[in-house]
Amino acid sequence: MAQVLPAERDLRRVIGDADGAGDRQVEGLGEQELLEVYRSMVQLRTYDERSVVYHSQGRIGTYAIFWNHEAMQAGAFHALEDQDWIFPSYRESAIGLLRGMPPAIPLSWWRGHPAGWWNPEDYRVASICVPIATHVPHAAGLAWGKKLKGERAAAIVFFGDGATSEGAFHEGANFAAVTGAPLILFCSNNGWAISTPVEAQTRAQTLADKAVGYGMPGLRVDGTDVLACFEATREAVVRARNGEGPTMIEAVSYRVAPHATADDPSAYIDLERVEEERKRECVGRFEGYLRRAGIMHDDLAASIQAEAADAMREGIKAAEAEPPADVELLFANAYVDPPASFGSDLDELRGTLG
Ligand SMILES: Cc1ncc(C[n+]2csc(CCOP(=O)(O)OP(=O)(O)O)c2C)c(N)n1
Ligand SMILES: [Mg+2]
């Protein structure tokens, strides 16, 4: 059996603005690919910022903000191929956009509208998972299934730091390791599980250390360095395709937005640290990298941003054009033989809702 080395504790970086090491280049990423990564980040950023406004206008319910998580999501995404499956948590609710999913779909999801669900096969994106870590075993099972069928596909599952304390995380990670499933366990460690800091979450020195206990490699990257996220995920994907089983990646950042729109973090978070972290947010960091490389200039950035804003405007229009859902859906498909009272319950509900 291959020896599993202790997890890496140093944060891998490619963008050289944080430690004075200077920018590195990533093998296989030319100018076009780098611009695609940037486009994805801007697409996600635009979606996120517009969603917060949309929420404050009362047009969606609660919303889990992912501002400054774009590097983790876009970086990991670009290391995948089209046939690979993505298992998002609520924090990655819009990652389907990168697979061509219309923005109206996740917007409808946050509106609690049935138009917000999709057939996972269509995008190889599983349903958005709200219960913490319960999708880790689902992803492990799908990845194992792909291996058993001899398919080339891998799966990636996104979860937070808090998720690593859940039983389902343990079960999924262990199952993936034992079956040699082609799975990437991508932990978006933003330092907080709502108001619980990661220091109160675990006695492990790093979350990547947990990988060793399952017999899989654990890597740590700067979660606001999109290229470091890309590179680490690509390495994990190569392992998965070579039949070497799962890898855990801990991408480290600091949550600079409320947990969700219903949260007021000023009660518990270090607001000065938030200010500091916001200054080095991930889209601007990557844009700086591209500008230093002579790839990005003002006009190009403006046109990419305008394109994303247009797509989002269209998405909002399409989501709002959906007719209201029929309340019968609350009752439909719940039972093969529905209780007789459902008929009168539905009539009563229709009466109440007018
Ligand atoms: C099984 C389960 N327990 C509790 C909750 C309530 N809850 C919602 S978000 C959250 C914190 C999760 O933190 P983390 O895993 O770090 O992800 P993040 O929100 O930071 O992305 C909790 C406890 C839940 N959704 N599911
Ligand atoms: Mg967290």
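These notes cover the structure that comes with them. Since the model is a prediction, treat every value here as computed from it, not as a measurement.

Some remarks on the overall build of the protein
And then number 1: From N to C terminus, the protein includes 12 helices and 7 strands.
And then number 2: Its C-alpha radius of gyration of 21 Å places the protein within 12% of the 20 Å reference for a compact globule of 354 residues.
And then number 3: Taken along its principal axes, the extent of the C-alpha atoms in the protein is 70 × 50 × 40 Å.
And then number 4: Across the 354 residues in the protein, those meeting the buried criterion constitute 52%.
And then number 5: Of all intrachain contacts in the protein linking residues separated by at least 6 positions in sequence, the fraction that spans at least 24 positions is 75%.
And then number 6: In the structure as shown, the protein presents an accessible area of about 16,200 Å², 52% of it carried by carbon and sulfur atoms.
And then number 7: Across the protein, 33 positive and 52 negative side-chain charges occur, with their mean positions spaced 3 Å apart.

Topic: the coordination of the magnesium ion (ligand 2)
And then number 1: Coordination of the magnesium ion (ligand 2) by the protein is provided by Asp161 (OD), Asn190 (OD1) and Trp192 (O), with metal-donor distances spanning 2.1 Å.
And then number 2: Given the relative accessible area of 12%, Trp192 is considered buried.

Digging into the packing of aromatic side chains
And then number 1: Applying the stated criterion across every chain, the model contains 16 aromatic pairs.
And then number 2: When the centroid spacing of 4.7 Å and the interplanar angle of 85 degrees are considered together, the rings of Trp109 and Trp110 count as edge-to-face.
And then number 3: Exposure remark for Trp109: the relative accessible area of 12% places this residue in the buried category.
And then number 4: Considering the side-chain rings of Trp109 and Trp117, the 6.2 Å spacing of their centres and the 45 degrees angle between planes classify their relative orientation as tilted.
And then number 5: Here a set of aromatic residues connected by ring pairs shows up, and it is made of Tyr47, Tyr63, Phe66, Trp109, Trp110 and Trp117.
And then number 6: The residue whose ring lies beneath Arg45 is Trp67, and the NZ or CZ to ring-centre distance is 4.1 Å.

Considering the nonpolar core
And then number 1: If you look at the biggest cluster of nonpolar residues, it comprises 80 residues, and the most contacted ones within it are Tyr38, Tyr47, Phe186, Leu227 and Phe286.
And then number 2: Those residues in contact with Tyr38 that lie beyond four places of it in its chain are Val283, Phe286, Glu287, Leu290, Met296, Ala301, Ile304 and Gln305.
And then number 3: Membership of the second largest hydrophobic core comes to 26 residues, among which are Val157, Ala176, Ala181 and Ala211.

A few points about the site of ligand 1
And then number 1: Lining the immediate surroundings of ligand 1 are 15 residues, of which Tyr90, Arg91, Gly162, Asn190 and Trp192 lie closest.
And then number 2: Within the side chain of Asp161, an N or O atom sits 3.0 Å from an oxygen atom of ligand 1.
And then number 3: Between an oxygen atom of ligand 1 and a main-chain N or O atom of Trp192, the distance comes to 2.9 Å.
And then number 4: Starting from 580 Å² of accessible surface for ligand 1 in isolation, the protein chains cover 71%.
And then number 5: Classifying every residue of the shell around ligand 1 gives 8 nonpolar, 4 polar and 3 charged.

Quick notes on the pattern of salt bridges
And then number 1: Under the criterion given, the structure shown has 30 salt bridges.
And then number 2: One salt bridge in this structure joins Lys317 and Glu314, with 3.5 Å as the shortest N-O distance. You can see Lys317 and its partner Glu314 sitting in helix H11 (residues 298–321), 3 residues apart, about one turn around the helix.
And then number 3: Classification of Glu314 as partly exposed rests on a relative accessible area of 49%.

Definitions and cut-offs
Residues numbered from 1 in each chain as written. Chains lettered and ligands numbered in written order. Predicted model: local features only at pLDDT ≥ 70, side-chain atom pairs only at ≥ 80, totals over all residues. Heavy atoms only, no water. Helix = DSSP H or I, 4+ residues; strand = E, 2+ residues; numbered from the N terminus. Rg over C-alpha atoms; globule rule 2.2 N^0.38 Å. Buried < 20%, exposed > 50% of the residue type's maximum accessible area, 1.4 Å probe, protein only. Contact = heavy atoms within 4.5 Å. Areas by Shrake-Rupley, 256 points an atom, 1.4 Å probe, with all protein chains shown as cover. Lys, Arg positive; Asp, Glu negative; His and termini not counted. Charge placed at Lys NZ, Arg CZ, Asp CG, Glu CD. Donors = N, O, S within 2.8 Å, 3.2 Å for Na, K, Ca; no water. Phe/Tyr/Trp six-rings, centres within 6.5 Å; stacked < 30°, edge-to-face > 60°. Lys NZ or Arg CZ within 6 Å of the ring centre and 35° of its normal. Core = buried A, V, L, I, M, F, W, Y, C linked by side-chain atoms within 4.5 Å. Near = heavy atom within 4 Å. Polar contact = N/O pair within 3.5 Å; in protein donor to acceptor, adjacent residues only side chain to side chain. Nonpolar A, V, L, I, M, F, W, Y, C, P; charged D, E, K, R; others polar. Salt bridge = Lys/Arg side-chain N within 4 Å of Asp/Glu carboxyl O.

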